[in-house]
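# A structural walkthrough
Chain by chain, the residues:
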Protein chains: 2
Amino acid sequence: MASHAESKAERRARIIRAARALIRETGRTGLSMRALASRAGVSLATPYNLLGSKEAVLKALLEADLQEFREALPIPGSGDPIEHIFAAITVATRLYSTEESFYRALFLALFESDNVELRTFYGPDRQQFWAGLLREAVCTGQVLAGTDVAALARNIRYVFAGVLHRWATSSSRPGWIEAEIGYGVSLALCAVATPGAIGRIRARLNAYQERIAEHQTAEPAIPPESTASCRTASV
Amino acid sequence: MASHAESKAERRARIIRAARALIRETGRTGLSMRALASRAGVSLATPYNLLGSKEAVLKALLEADLQEFREALPIPGSGDPIEHIFAAITVATRLYSTEESFYRALFLALFESDNVELRTFYGPDRQQFWAGLLREAVCTGQVLAGTDVAALARNIRYVFAGVLHRWATSSSRPGWIEAEIGYGVSLALCAVATPGAIGRIRARLNAYQERIAEHQTAEPAIPPESTASCRTASV
DNA sequence: CCGGTTCTTATAACGCGTTATAAAAAGCGG
DNA sequence: CCGCTTTTTATAACGCGTTATAAGAACCGG
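Glancing now at the overall build of chain A. In terms of regular secondary structure, chain A is built from 12 helices and zero strands. When the elements of chain A are put in sequence order from the N terminus, they spell out α-α-α-α-α-α-α-α-α-α-α-α. Here chain A, with 235 residues, has 53% of them falling under the buried criterion. Across chain A, every contact between residues at least 6 apart in sequence was considered, and the portion connecting residues at least 24 apart equals 68%. Carbon and sulfur atoms provide 56% of the accessible area of chain A, an area that totals close to 10,300 Å².

For any two aromatic rings, the description comes down to two numbers: the centre-to-centre distance and the angle of the planes. All names here are of chain A. According to the stated counting rule, one finds 20 aromatic pairs over all chains in the structure shown. Residues Phe-129 and Trp-130 carry aromatic rings whose centres are separated by 5.0 Å and whose planes lie at 70° to one another, so their mutual orientation is edge-to-face. Note on Trp-130: relative accessible area 2%, which makes it buried. When the centroid spacing of 5.8 Å and the interplanar angle of 45° are considered together, the rings of Trp-130 and Phe-160 count as tilted. With Trp-130 in helix α8 (residues 124-139) and Phe-160 in helix α9 (residues 149-169), the pair connects residues that are 30 residues apart, well separated along the chain. Across the pair, Phe-160 and Trp-130 agree in class, each one buried. Its guanidinium or amino end placed over the ring of Phe-102, Arg-24 lies 5.0 Å from that ring's centre, counting from NZ or CZ.

This brings us to the packing of helix α7 (residues 124-139) of chain B against helix α8 (residues 149-169) of chain B. The angle between the axes and the distance between the axes are what describe a pair of packed helices. All names here are of chain B. Put simply, α7 and α8 touch, their axes get as near as 8 Å, and they point 130° apart. On the basis of their axis angle, the class for α7 and α8 is oblique. Crossing of α7 over α8 shows right-handed handedness. Taken together, the residues of α8 that come into contact with α7 (itself represented by Arg-126, Gln-127, Trp-130, Ala-131, Leu-134, Arg-135 and Val-138) are Val-149, Ala-150, Leu-152, Ala-153, Arg-154, Ile-156, Arg-157 and Phe-160. When the residues that make up the contact of α7 with α8 are grouped by side-chain class, the tally is 10 nonpolar, one polar and four charged.

Turning our eyes to something else, we now look at the confidence of the model for chain A. Residue and element names in this part refer to chain A. For chain A, per-residue confidence averages 86 on the pLDDT scale, and 86% of positions sit at 70 or higher. Here helix α12 (residues 224-227) stands out as the least confident element of chain A, with mean pLDDT 42; helix α10 (residues 176-192) is the most confident, with 97. Low pLDDT, under 50, characterises residues 218-228; the predicted model gives this stretch 14 contacts beyond four residues in sequence or across chains.

Once that is clear, we can look at helix α5 (residues 81-98) of chain B. Residue and element names in this part refer to chain B. Here α5 is 18 residues long and its end C-alpha atoms lie 26 Å apart, about the 26 Å a rise of 1.5 Å per residue gives. Counting buried positions along α5 yields 13 of 18 residues, so the element is predominantly enclosed. The N-capping residue of α5, defined by a side-chain oxygen 3.0 Å from the backbone nitrogen of Ile-82, is Asp-80.

Relative to the helices and strands, Thr90(B) is located in helix α5. A C-alpha to C-alpha distance of 9.4 Å links Thr90(B) and Ile181(B), two positions 91 residues apart in sequence.

A few words now on the domain arrangement of chain A. Frequently, the measure chosen for interface size is the accessible area removed from exposure when the parts meet. All names here are of chain A. Partitioning chain A into domains gives domain 1 (1-52) and domain 2 (64-214). Relative to domain 2, the C-alpha centre of domain 1 lies at a distance of 31 Å. Surface buried jointly by domain 1 and domain 2 totals about 660 Å² across both partners, of which 60% is contributed by carbon and sulfur atoms. A per-residue breakdown of the area domain 1 buries against domain 2 is headed by Arg-20, Ile-23 and Arg-28, which together make up 78% of the total. At the boundary of domain 1 and domain 2, one finds three salt bridges. Taking the shortest distance from any N to any O, the salt bridge between Arg-28 and Glu-112 comes out at 2.5 Å. Where domain 1 touches domain 2, the interface holds three residue pairs in polar contact (both at pLDDT 80 or more). The residue inventory of the side of domain 1 that touches domain 2, partitioned by class, reads one nonpolar, one polar and three charged.

In total, this model carries 24 salt bridges over all chains according to the counting rule given. Arg104(A) is the partner of Glu100(A) in a salt bridge, and the nearest nitrogen-oxygen pair spans 3.1 Å. Here the residue Glu100(A) and the residue Arg104(A) both occupy positions in helix α6 (residues 100-112), the gap between them amounting to four residues, near one helical turn. Residue class for Glu100(A) comes out partly exposed when judged on its relative accessible area of 22%. Accessibility expressed as a relative area gives 15% for Arg104(A), which makes it buried. Two residues, Glu180(B) and Arg154(A), come together in a salt bridge whose shortest N-O distance is 2.6 Å. Here the residue Glu180(B) occupies a position in helix α9 (residues 176-192), and Arg154(A) occupies one in helix α9, the pair thus bridging two chains.

To continue, consider the state of the cysteines. Covalent bonding between the sulfur atoms of two cysteines defines a disulfide. All chains considered together, the criterion is met by zero disulfides over all chains. Sulfur of Cys190(A): no disulfide; nearest cysteine sulfur belongs to Cys190(B) and is 9.6 Å away. Judged by its relative accessible area of 4%, Cys190(B) is buried.

A separate point is α8(A). Residue and element names in this part refer to chain A. Counted at 1.5 Å a residue, the expected span for α8 with its 16 residues is 22 Å, and the 22 Å between its end C-alpha atoms agrees. Of the surrounding elements, those touching the buried residues of α8 are α4 (54-72), α5 (81-98), α9 and α10. Gly-141 sits one or two residues past α8 and shows a positive phi near 80°.

Residue and element names in this part refer to chain B. At a closest axis distance of 8 Å, the pairing of α5 and α7 adopts a crossing angle of 155°. Looking at the two axes, α5 sits roughly antiparallel to α7. On the side of α5, the interface is formed by Pro-81, Ile-82, His-84, Ile-85, Ala-88 and Ile-89, while α7 contributes Phe-129, Trp-130, Leu-133, Leu-134, Glu-136 and Ala-137. Of the residues in the contact of α5 with α7, the class split is 10 nonpolar, one polar and one charged.

Each value, and the rule that gives it
Residues numbered from 1 in each chain as written. Chains lettered and ligands numbered in written order. Predicted model: local features only at pLDDT ≥ 70, side-chain atom pairs only at ≥ 80, totals over all residues. Heavy atoms only, no water. Helix = DSSP H or I, 4+ residues; strand = E, 2+ residues; numbered from the N terminus. Buried < 20%, exposed > 50% of the residue type's maximum accessible area, 1.4 Å probe, protein only. Contact = heavy atoms within 4.5 Å. Areas by Shrake-Rupley, 256 points an atom, 1.4 Å probe, with all protein chains shown as cover. Phe/Tyr/Trp six-rings, centres within 6.5 Å; stacked < 30°, edge-to-face > 60°. Lys NZ or Arg CZ within 6 Å of the ring centre and 35° of its normal. Axes fitted to C-alpha atoms, helices over the stretch in contact; angles between N-to-C directions. Parallel < 35°, antiparallel > 145°, perpendicular 65-115°, else oblique. Left-handed = near helix turned anticlockwise from the far one by under 90°. Nonpolar A, V, L, I, M, F, W, Y, C, P; charged D, E, K, R; others polar. pLDDT = per-residue confidence, 0-100. Expected span 1.5 Å × (residues − 1). Polar contact = N/O pair within 3.5 Å; in protein donor to acceptor, adjacent residues only side chain to side chain. Domains from an automatic or database assignment. Buried area = accessible area lost by both parts, 1.4 Å probe. Salt bridge = Lys/Arg side-chain N within 4 Å of Asp/Glu carboxyl O. Disulfide = S-S within 2.5 Å.

Following this line, the structure appears as C-alpha cells:
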C-alpha cells in the first residue's frame, strides 16, 4: 500500500513541479492543462483526478510557498505583535520579489479564476493569521480595546489583495509592494492604535509614504486639472 | 451618414441591452458571446466589431451605471469633502443594493476577466475622483498637509475592490457593503485627519463598526483556538 | 493466482472566447 | 445608378477547461 500512495503522491508532485516549470518558462499563458499533463508525463485526466481543476493546481503551487513563508516568519507569540505584522509583510513581499516574474504570472493566473475562497487572498487561514496578531496587540495594549479585530483583519486582506493585484498587472519596481502594503496597514493601525503605540506606527506610515514616493512608476501621470492647487470649497 | 452611425449605435445599444437582460435572467454564466449575439439579433462577429471583446461589453455595462452614479452624487466642489466621500460610498453601494443579483453577477463576470485597468476598480478616473476629494480635504484642513493623496486614493480603491469582490462571491446582506467600505475608508482617514477633523471621522468609524457587527453573516465561524482570550506575549 | 475494485489512459466531445474567411449587404462619392 | 469601400453575416476553425467513455493497468483481499 505504500507504493500505491507513493506513486500517487509522486505523480501529484510531478504535476505540481511541471506547473512550476511551465509558469517559469512560458508564463501564465503557457500553463494549459494539456501542456501540463504532457510535461508531467501524465494523461490529461490525471491532474483532474489528483488535483481537481486547474485552479487547484495553482492553489497547490501557492500553498507550497505559503509553507516557506510560514517558516521564514518569526516565532508566533513572541515579541511585539505590531512588529510581527510588519515583519510578516516584509517576509511575504520579499518572497515574491525573489522570483518576480514567476509570482506575477502565478497571481495573474489565480486572479483569473473565480474561486470563492482563494480570490479573497487567501482564505480563512490568512484571516486568522492577521486576526490573531491583532488580538495579541489588543492584549498588549497597543490596539484599542473595543476594536473589531475581524473587520480589521479583513481590511488588511483587502489591501494585500489589492496591492498584489496591482503589482501583478501593472509592472512596478520590486520593493514597491512592501511599501504599499505597509502604508495601507499602517493607515489602518494608526486609527486603532492606543496613544502609547501610535508614535511608532505613525513613523512607519511616514517612512512607507516616502518609500512609495521613491517608486513613482506605475501610477499614470497626473492629468492637468488635478495638478491645480486648491480651489476653495465654495461654489 | 446619420443613418449609418445611427444604426451602428443602435446595434451597439441593442447588444448592451441584451447583455443586461441576459445577466438579469440567467446570471453571469448565461452571458456567452453566442447567446448575446443571438439575443441581440446580431451575428457573433458583431459584438467583437462594435465592442471588441466580452470584457468590453461588461465594461460598457458598468460604464452606463457609473453615469447614473455620477448624477446621483452631490455637486462636486460643494460642501464638506469628507462628507462627500462618505456620501459617494452611500450612493454607490445603494446603487448596487437596488439590484443585488444583477450587480453580483456583473462583478463576478468582471473579476473573471484579466483586464489591467478594470480589475483595479475602476481605473484612472476613479482614482482621480477620490484623489480630488482628498486634495480638497487637505485644503479645508481636514487632512494633514503632507499626505500623499494618490497613495491614499489607491488605498480606498483597494478597500472598495476587496469589499465588492467579497460581496460578489460570498453572499452578505445588503447594507453590509456600505458599512464595510465605510469602515475601511474611515480607518484610513483617521490616520491622516487633522486634530480638528478626527472627531467626526472616529464617530463614523465606530458607527460603521457597529453596523458591521450587526451584519455578522459571511465571516466563517471563529475557530476554537481563536476564541481563546489573550495569551501573554511571552513564550 | 484470481476476481473485483480502483485508478490511469486514450480519445472524443461540449461549450467557451476569439479569430479568420469568404459572401452578402449597406453606405457613399461620382 | 454604378462602383468602391466598409461593415455585417455566416460559418468554420483554434485552443482552452472540463467531462464522459471505454479500454487497460495496478492494486488488494482471499
